[in-house]
Amino acid sequence: MRKVLILGGTTEASALATLLAQHRFPAILSYAGRTRNPQGQPVPVRVGGFGGATGLAQALRDQGFTHLVDATHPFAATISANAIAASAEAGVPLLALTRPAWQAQPGDRWSHVSDLAGAVDALAGPPRRVFLALGRMHVGAFALQPQHHYVLRFVDKPETPPPLPHHGLIVDRGPFSVAGDRALLQEHGVDWVVCKNAGGGGAEAKLIAARELGVPVLMITRPPIAPRHEVHDPAAVLEWLNHHGTKASDRGV
């Protein structure tokens, strides 16, 4: 009998959990715990870290997991590195369910920076209205550029106000539409969009809206991750699991 640990927090992880539940694969979906009210899932959920690579390897062994799927955010480089190390230590095969990075299209006005600090530095200059499409964990870094008015969009309302002297806050959960993001950029008079190259369709609407309106985008490049086996479709994960020997009759299908 197979037992799958999914490192999640993305729409792809949720889609995989649904697919595995439909095919009666025992699975647990693990969240880091940064979202206070995660969406309901069709498989059991655990919340919180494992204690690094060693703790994750111990959990894989102690709880009888036979497969590990890293379906975390493309910028969760530490978690992904821990998954690679834990897979090797515990002898549990690893597959990464990833999103292809976004590619600039005709009409896009993108500037690329290598990390968050580079994005902060790139905003030096006169006051602008900046849409920080980054999530609540990273906005504090932009206090070093206090001259701007920042438009923020969070999944949860923060317990304390962001440390930005000029900002507006929107509490909303994606996926977002192009029409909605176009209206957001127009209503708030946004001059710049700052975002990570997360890839996928759920967060792409802001980029299409920026393209249509001619708004420049400051794009943060993905962090490097060691080579690993990757797929881009939950169905490919199911195929991988089946290839590793689980028969439908073993799952009671």
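Since we're looking at a predicted model, the values are computed, not measured.

With respect to the confidence of the model for the chain
- Across the chain, the average pLDDT comes to 91, with 94% of residues at 70 or higher.
- Counting contacts from residues 245–253, a segment whose pLDDT is below 50, to residues more than four positions away or on other chains yields 15 contacts.

Some points on the sheet that holds strand β2 (residues 27–31)
- Read across the open sheet, the six strands follow the order β3-β2-β1-β4-β5-β12; overall the sheet is parallel. In this open sheet, the two edge strands, each paired with only one partner strand, are β3 (45–47) and β12 (230–231).
- Bridge count between strand β1 (residues 4–7) and β2: four bridges; the pairing is parallel. Across the sheet, Ile6 pairs through a bridge with Leu29, a residue of β2.
- Together, β1, β2, β4 (67–70) and β5 (94–97) form the strand contacts of helix α1 (residues 11–22), whose direction differs from that of β1 by roughly 160 degrees.

Some points on the packing of aromatic side chains
- Taken as a whole and judged by the stated rule, the model has one aromatic pair.
- The ring of Phe65 has Lys3 lying over it, and the distance from NZ or CZ to the ring centre is 4.8 Å.
- Positioned over the ring face of Phe176 is Arg153, at 3.5 Å from the centre of the ring.

Regarding the nonpolar core
- Grouped together as the largest cluster of nonpolar side chains are 21 residues, with contacts concentrated most on Ile6, Leu20 and Val237.
- Residue assignment for this core shows that the elements contributing at least two residues are β1, α1, β2, β5 and α7 (234–243).
- Per-element accounting of this core gives the leading share, five residues, to α1.
- Contact partners of Ile6, with chain neighbours within four places excluded, come to Ala13, Leu16, Ala17, Leu20, Ala27, Ile28, Leu29, Ser30, Val69 and Ala71.

Thoughts on unusual backbone geometry
- Positive phi values are uncommon outside glycine, yet Arg24 reaches one of about 60 degrees.
- Counting through the fold element by element, Arg24 comes out in the loop between α1 and β2.

Some words on the packing of α1 against α7
- One can describe the packing of α1 onto α7 by two numbers: an axis separation of 9 Å at closest approach and a directional angle of 50 degrees. One finds that α1 runs oblique with respect to α7. Pair α1 / α7 crosses with right-handed handedness. Taking contact as the criterion, the partners of Glu12, Ala15, Leu16, Leu19 and Leu20 in α1 are, on α7, Pro234, Ala235, Val237, Leu238 and Leu241.
- Looking at the contact of α1 with α7 residue by residue, the class counts come to nine nonpolar, no polar and one charged.

Things to note about helix α5 (residues 178–187)
- Where α5 is concerned, the buried positions are Asp181, Leu184 and Leu185. Each buried residue of α5 lies within a common arc of 95 degrees when the element is viewed along its axis, so the set occupies one face. Exposed residues pointing more than 90 degrees away from the buried face of α5 are listed as Gln186 and Glu187.
- Against β7 (129–133), β8 (149–154), β9 (167–171), β10 (192–196) and α6 (205–213) lie the buried residues of α5.
- Positive phi shows up at Gly189, right after α5, with a value of about 60 degrees.

Some words on α1
- Between its first and last C-alpha, α1 extends 17 Å over twelve residues, near the 16 Å set by a 1.5 Å rise per residue.
- For α1, the full list of buried residues reads Glu12, Ala13, Ser14, Leu16, Ala17, Leu19 and Leu20.
- Check the buried side of α1 and you find it contacts β1, β2, β4, β5 and α7.
- Once α1 ends, the next one or two residues include Arg24, with phi positive near 60 degrees.

As for the pattern of salt bridges
- Counted according to the given criterion, the structure contains seven salt bridges.
- Of the charged contacts, one joins Asp70 and Arg228 as a salt bridge, the two residues approaching to 2.9 Å between their closest N and O atoms. With Asp70 in strand β4 and Arg228 in the loop between β11 (217–220) and β12, this residue pair connects regions lying 158 residues apart in the sequence.
- Of the residues examined, Asp70 reaches a relative accessible area of 2% and is grouped as buried.
- Two residues, Arg182 and Glu212, come together in a salt bridge whose shortest N-O distance is 2.8 Å. Of this pair, Arg182 sits in helix α5 while Glu212 is found in helix α6, placing the two residues 30 residues apart along the sequence.
- The class for Glu212 is partly exposed, based on a relative accessible area of 46%.

Parameters and conventions
- Residues numbered from 1 in each chain as written.
- Predicted model: local features only at pLDDT ≥ 70, side-chain atom pairs only at ≥ 80, totals over all residues.
- Heavy atoms only, no water.
- pLDDT = per-residue confidence, 0-100.
- Contact = heavy atoms within 4.5 Å.
- Pairing = 2+ DSSP bridges.
- Helix = DSSP H or I, 4+ residues; strand = E, 2+ residues; numbered from the N terminus.
- Axes fitted to C-alpha atoms, helices over the stretch in contact; angles between N-to-C directions.
- Phe/Tyr/Trp six-rings, centres within 6.5 Å; stacked < 30°, edge-to-face > 60°.
- Lys NZ or Arg CZ within 6 Å of the ring centre and 35° of its normal.
- Core = buried A, V, L, I, M, F, W, Y, C linked by side-chain atoms within 4.5 Å.
- Buried < 20%, exposed > 50% of the residue type's maximum accessible area, 1.4 Å probe, protein only.
- Parallel < 35°, antiparallel > 145°, perpendicular 65-115°, else oblique.
- Left-handed = near helix turned anticlockwise from the far one by under 90°.
- Nonpolar A, V, L, I, M, F, W, Y, C, P; charged D, E, K, R; others polar.
- Arc of directions from axis to C-beta.
- Expected span 1.5 Å × (residues − 1).
- Salt bridge = Lys/Arg side-chain N within 4 Å of Asp/Glu carboxyl O.

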